[in-house]
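So you can see what is in the structure, the chains are spelled out below.
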Amino acid sequence: MKFFIDTANLADIREAQEMGVLDGVTTNPSLMAKEGITGKDNVMRHYKQICEIVGSDVSAEVISIKYEEMIKEGDELAELDENIVVKIPMTGDGVKAIKYFSEKGIRTNCTLIFSAGQALLAAKAGASFVSPFVGRLDDISTDGMELIEQIVTIFTNYGYTTEVLAASVRHPMHVIKCAEIGADVMTAPLSVIKALLNHPLTDSGLAKFLADHEKANLPVKK
Ligand code: E4P
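Residues numbered from 1 in each chain as written. Predicted model: local features only at pLDDT ≥ 70, side-chain atom pairs only at ≥ 80, totals over all residues. Heavy atoms only, no water.

(A) Fine view of the overall build of the chain. Along the chain, the regular secondary structure elements total 11 helices and 8 strands. For the chain, the C-alpha atoms occupy an extent of roughly 85 × 40 × 30 Å along the three principal directions. Of the contacts formed within the chain by residues at least 6 apart in sequence, a portion of 56% connects residues at least 24 apart. Counting every atom, the chain has about 11,700 Å² of accessible surface; 55% of that belongs to carbon and sulfur. (Helix = DSSP H or I, 4+ residues; strand = E, 2+ residues; numbered from the N terminus. Contact = heavy atoms within 4.5 Å. Areas by Shrake-Rupley, 256 points an atom, 1.4 Å probe, with all protein chains shown as cover.)

As structure tokens, then:
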């Protein structure tokens, strides 16, 4: 399973990249706003900086909601860097735009997926990724993981090459569940990726190894 980091924070992206486990980045307008990135030039520059750090897939979301504007914005984003994946919301105009980009060979990530039907439409239009939002479904007492399972089954049944990118991943168990189900990608904040490191038995085991080593290597008294 590929690991993407879900942030526009350059320090977090660098840290995940340095861990050696990063396969890409997803951003969205809220994450860009959180970093204070405003104005087209700054936004474009920021995406370029992210691409330079990771050298792999970077999802950059369009703000436009009308087809004509979406394709203009998406074309500009795609021109920025070969690793840009144009992120398109799941709407009628969005599906049309995905079809347009897929025919042009530009990769897309269809975002705000909350049902298997939406995922199927995006795959049929030629999306490279679909992003079902696990955590936001859990938030409204609906099992987000069931949706991941459904989409993986449907795409496998028909051999769709669209990758299932589990988004809105909130904790380590979401990551493990995604991997068990066979999601192609999961995207999560740095805190969730780092939480996978932790186990109390690892900490106590390491402390004991180091203490035993120190005891055995005490200088011999003459
Ligand atoms: C996905 O690409 C979205 O940007 C993101 O995962 C949404 O996560 P949230 O529900 O934690 O905001």
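Once you've had a look at it, read on.
(B) Geometry of the sheet that holds strand 2 (residues 24-26). Taken together, the 8 strands give a closed barrel; going around it, the order is 1-2-3-4-5-6-7-8, and neighbouring strands pair in parallel fashion. Ignoring strand direction, the axes of neighbouring strands in this sheet form an average angle of 30°. Along the sheet, helix 3 (residues 40-54) makes contact with strand 2, strand 3 (57-61) and strand 4 (84-89), crossing strand 3 at roughly 165°. (Pairing = 2+ DSSP bridges. Axes fitted to C-alpha atoms, helices over the stretch in contact; angles between N-to-C directions.)

(C) Quick look at the layout of surface pockets. In this model, the largest pocket occupies a volume close to 380 Å³. Forming the boundary of the largest pocket are 24 residues, of which D6, N28, L31, R136 and P189 lie nearest the centre. Among the elements of the structure, helix 2 (29-34) and helix 10 (190-195) are those that each provide at least two residues to the lining of the largest pocket. Partitioning the lining of the largest pocket into residue classes produces 7 nonpolar, 10 polar and 7 charged. Here the second largest pocket is characterised by a volume of approximately 200 Å³. At the level of elements, helix 2, helix 3 and helix 4 (67-80) are the ones that each hand at least two residues to the lining of the second largest pocket. Counting residues per element, the lining of the second largest pocket draws most heavily on helix 3, which supplies 4 residues. Looking at the lining of the second largest pocket, its residues break down into 7 nonpolar, 1 polar and 4 charged. (1 Å grid on protein atoms, 1.4 Å probe; cavity = no way out; pocket = protein on both sides within 12 Å on 5 of 7 lines; lining within 4 Å. Points joined across faces, edges and corners; volume = space filled by probe spheres on them. Nonpolar A, V, L, I, M, F, W, Y, C, P; charged D, E, K, R; others polar.)

(D) Spotlight on the side chain of T162. The residue T162 is located in the loop between helix 8 (144-158) and strand 7 (163-166) in this model. The class for T162 is buried, based on a relative accessible area of 5%. Separated by 2.8 Å, the side chain of T162 and the backbone oxygen of A127 make a polar contact. Once residues within four sequence positions are removed from consideration, T162 is found in contact with A123, A127, S128, F129, V130, F155 and D184. (Buried < 20%, exposed > 50% of the residue type's maximum accessible area, 1.4 Å probe, protein only. Polar contact = N/O pair within 3.5 Å; in protein donor to acceptor, adjacent residues only side chain to side chain.)

(E) Representation of the site of the ligand in the model. Around the ligand, a shell composed of D6, T26, N28, K87, F133, R136, A167, S168 and R170 is seen. At 3.1 Å, a side-chain N or O of R170 approaches an oxygen atom of the ligand. The protein chains hide 85% of the 340 Å² of surface that the ligand would expose on its own. If you map the ligand onto the pockets, it falls in the largest pocket. (Near = heavy atom within 4 Å. Sits in = over half its atoms within 2 Å of the grid points.)

(F) Representation of the packing of aromatic side chains in the model. Across all of its chains, the model carries 4 aromatic pairs by this definition. With a centroid separation of 5.9 Å and an interplanar angle of 65°, the aromatic rings of F4 and F129 are classed as edge-to-face. With F4 in strand 1 (residues 2-6) and F129 in strand 6 (residues 129-132), this pair connects stretches of sequence that are 125 residues apart. Taken together, a centroid distance of 5.6 Å and an interplanar angle of 65° make the contact between F155 and Y160 edge-to-face. The exposure class of F155 is buried, given its relative accessible area of 4%. Residue class for Y160 comes out partly exposed when judged on its relative accessible area of 25%. Note that K96 overlies the ring of Y67, its terminal NZ or CZ placed 4.4 Å from the centroid. (Phe/Tyr/Trp six-rings, centres within 6.5 Å; stacked < 30°, edge-to-face > 60°. Lys NZ or Arg CZ within 6 Å of the ring centre and 35° of its normal.)

(G) Quick look at the environment of E163. For E163, the position within the fold is in strand 7. Discounting residues that sit within four places of it in the chain, E163 has contacts with K2, S128, F129, V130, D184 and V185.

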